[in-house]
Amino acid sequence: MKRIVCLLFAAIMLLSVVACGEKTPPVTGDTTPAVTDGSDPVDTTEAVTTEDPNKLPDYIPTDTYDGHEFVVLMTNLNPDQVIVRDFKWTEGGTVLDDALYKRNMQAMETLDITITGIENYSSSNSGVADVRKANTAGDSNYDMCIISTYDAGKLALSDDLRDLRDFGCIDLDQVWWDQNMNRDITVNGKLYFTTGDISLVATQAMYNVVFNKDLFREKFGETSTLYNLVKEGNWTFDKMKEYVLQISEDLDGNEKMDSNDLYGMVYIHSSVIAALGMSGERMARIDENGDIVVSLGTERAEAAVVNFIELTQDKEHVYNGQTATGGLTAVQMFSEGHCLFRWIEHIGFPHFRDTELEYGILPLPKSDPAQDRYYTPFGGWDAAFVCIPTSTENEERTSAIIEYLAFTSRQIVTPAYYEKTLTGRYVRDDESYDMITLEMENRGFDIGYIYNIGNMKNAVENLSKGYSTAFSSMWNTYKRSAETACKATNATLHKED
């Protein structure tokens, strides 16, 4: 039905389609079968692809909009880590800057619009306040938003966002929308925010492990050992732990271990959430009826969290970058050679570009050898998702512009990021690039984490902060409130528009 409606829009406007974009296909996992955790059947539904991936599909109208100002609100909870400004671009900067400039200029010229990006980066919930203010006043201030993780969840629950699965010409089954997120976050057939080629912010918040190649060679031999472990399916948490527990040295000789010394691993508190995600387990998931169900209390989830925290209790070999003493930050500790492994999001790669550090990239390890694949969770503090406020006017115009931008992003922006920026600036060997490709194919989104259902996110992080392995006790405390909150979330998201 969506395809028919969109074709009618295009036919009514009596417009020809245009061909656009780069000829190089982007390197992403969007066309692979969606993956699930080990407890669910694999989803073999692939994203829709057009016959000619470089030709604008017929269903996307290319009407002209009389100079309409297309306004995009961008928020993020971590102002210091905003690397990509999708709609606040400059010409003559990096390859990625130029790609964003080219995409936006092409849209403005083709559709006769102007694009304005409004940034409001703050550690407070600025996105919630901005969008609700516009909706309450009935002002169509923003055509589209790229809203920080937890703000997106709050806005969906307060009925401040449009359902993207029923919004004009937007076709979420296309390859330029993230099929993994669409699967993981759709409730009752509705989806209020997502990501895809149109925005790189969520992509840059995906987790991985970086390692110091020189240190590995010195202690263990050729770095190909690590890459081969991944390829053979044997890169596990226990294997990583073996390496970690062999690296510890009081470099400055002051008989006190601090950030100036050498460790097997550096992490931060939220890494424990990544440890849960890498096991394939989640705080909550979508069941076969399209409902959210709490899933944190499984034995496998407990094992993943407890094993991670037990390792962090060994403060001789593992260092918490958020409680660092001695003068070096977690970023500096890795870039200056003070640890073998660091848990990090893609957003951290630029910190190492201008260093002499030779480093490699690995996916997060499997929780155990029996795990069916590697899983790639995301960091909620740094991610942001595409959404549309309820006050946005002119559904046909807004959806056509968004879908046009999403399509051209896949042609222009995505290759610039994967093939030029990652390969040319941040990734220093072919094996690491292969690891990133693997990560992106297996990325997943925990709906319980995004909505912070029953405050489970904070409860798990608090275990890590206190170096406590009392998972069962925590779960006994939170289980009832989490299930109650889950029912309330379902009831809200099941409401008819």
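Residues numbered from 1 in each chain as written. Predicted model: local features only at pLDDT ≥ 70, side-chain atom pairs only at ≥ 80, totals over all residues. Heavy atoms only, no water.

Visitor: Any details on the overall build of the protein? Residues and values, ideally.
Guide: Counting secondary structure elements, the protein contains 16 helices and 12 strands. For the protein, buried positions account for 58% of its 497 residues. In the protein, of all internal contacts separated by at least 6 residues, the share reaching a separation of at least 24 is 80%. When the accessible surface of the protein is summed, it comes to about 19,000 Å², and 46% of that surface belongs to carbon and sulfur atoms. (Helix = DSSP H or I, 4+ residues; strand = E, 2+ residues; numbered from the N terminus. Buried < 20%, exposed > 50% of the residue type's maximum accessible area, 1.4 Å probe, protein only. Contact = heavy atoms within 4.5 Å. Areas by Shrake-Rupley, 256 points an atom, 1.4 Å probe, with all protein chains shown as cover.)

Visitor: Describe the sheet that holds strand β3 (residues 144–148), listing the residues and the values that go with them.
Guide: As summarised here, the arrangement of the 4 strands in space is β2-β1-β3-β12, forming an open sheet in which the pairing is mixed. At either end of the open sheet lies a strand with only one pairing partner, and these are β2 (113–121) and β12 (384–387). The mean angle between the axes of side-by-side strands here comes to 15°, regardless of whether they run parallel or antiparallel. Where β3 and β12 come together, 4 bridges link them in antiparallel fashion. In the sheet register, Cys145 faces β12, and the bridge partner there is Cys387. Helix α12 (residues 395–426) rests against β1 (68–76), β2 and β3 of the sheet, and its axis sits at about 65° to β1. (Pairing = 2+ DSSP bridges. Axes fitted to C-alpha atoms, helices over the stretch in contact; angles between N-to-C directions.)

Visitor: Describe the confidence of the model for the protein, listing the residues and the values that go with them.
Guide: For the protein, per-residue confidence averages 87 on the pLDDT scale, and 87% of positions sit at 70 or higher. Of all secondary-structure elements in the protein, the lowest mean pLDDT belongs to helix α1 (residues 2–13), at 41, while helix α8 (residues 237–244) reaches the highest, 98. Low confidence marks residues 1–45, where pLDDT is under 50. Its contacts with residues over four positions away, or in another chain, come to 113 contacts. (pLDDT = per-residue confidence, 0-100.)

Visitor: Outline the packing of aromatic side chains, listing residues and values.
Guide: Across all of its chains, the model carries 22 aromatic pairs by this definition. On the numbers, 5.8 Å between centres and 65° between planes, the contact of Phe211 with Tyr227 is edge-to-face. Of the two residues, Phe211 is situated in strand β4 (residues 207–212) and Tyr227 in helix α7 (residues 224–231); the sequence distance between them amounts to 16 residues. Given the relative accessible area of 2%, Tyr227 is considered buried. With a centroid separation of 6.5 Å and an interplanar angle of 75°, the aromatic rings of Phe334 and Tyr359 are classed as edge-to-face. One end of the pair, Phe334, is in helix α11 (residues 330–335); the other, Tyr359, is in strand β11 (residues 359–362), and 25 residues separate them in sequence. In this structure Phe334 comes out as buried when scored by relative accessible area, which is 0%. Grouped by ring-pair contacts, the aromatic residues Tyr150, Phe193, Phe378, Phe385, Phe445, Tyr449 and Tyr451 constitute a single cluster. The ring of Tyr467 carries the charged tip of Lys315 above its face, separated from the ring centre by 4.1 Å. If you follow Lys457 out to its NZ or CZ, it ends over the ring of Tyr150, 4.9 Å from the centre. (Phe/Tyr/Trp six-rings, centres within 6.5 Å; stacked < 30°, edge-to-face > 60°. Lys NZ or Arg CZ within 6 Å of the ring centre and 35° of its normal.)

Visitor: Got a sec to walk through the pattern of salt bridges? Specific residues and values, please.
Guide: Applying the stated criterion across every chain, the model contains 13 salt bridges. Among the salt bridges present, the one from Asp214 reaches Arg217, with a minimum N-O distance of 3.1 Å. Taken together, the positions of Asp214 and Arg217, both in helix α6 (residues 213–220) and 3 residues apart, correspond to about one turn of that helix. Take Asp214: its relative accessible area is 43%, and that puts it in the partly exposed class. Residue classification places Arg217 among the partly exposed residues on the basis of a relative accessible area of 31%. One salt-bridge network, held together by shared partners, links Arg183, Asp184 and Arg282. (Salt bridge = Lys/Arg side-chain N within 4 Å of Asp/Glu carboxyl O.)

Visitor: Run through the pairing of β11, naming residues and quoting values.
Guide: By the alternation rule, side chains of β11 split into Tyr359 and Ile361 and Gly360 and Leu362, which are all buried. When β4 meets β11, the two strands line up antiparallel, connected through 4 bridges. Bridged to Phe211 within β11 is Gly360.

Visitor: Before we move on, can you summarise helix α15 (residues 456–465) with the specific residues and values?
Guide: Because the α-helix completes a turn every 3.6 residues, residues three or four places apart line up on one side. Counting buried positions along α15 gives 7 out of 10 residues, so the element sits mostly inside the fold. Met456, Lys457, Ala459, Val460, Glu461, Leu463 and Ser464 are the residues of α15 that are buried. Phi turns positive one or two residues past the end of α15, at Tyr467, with a value near 55°.

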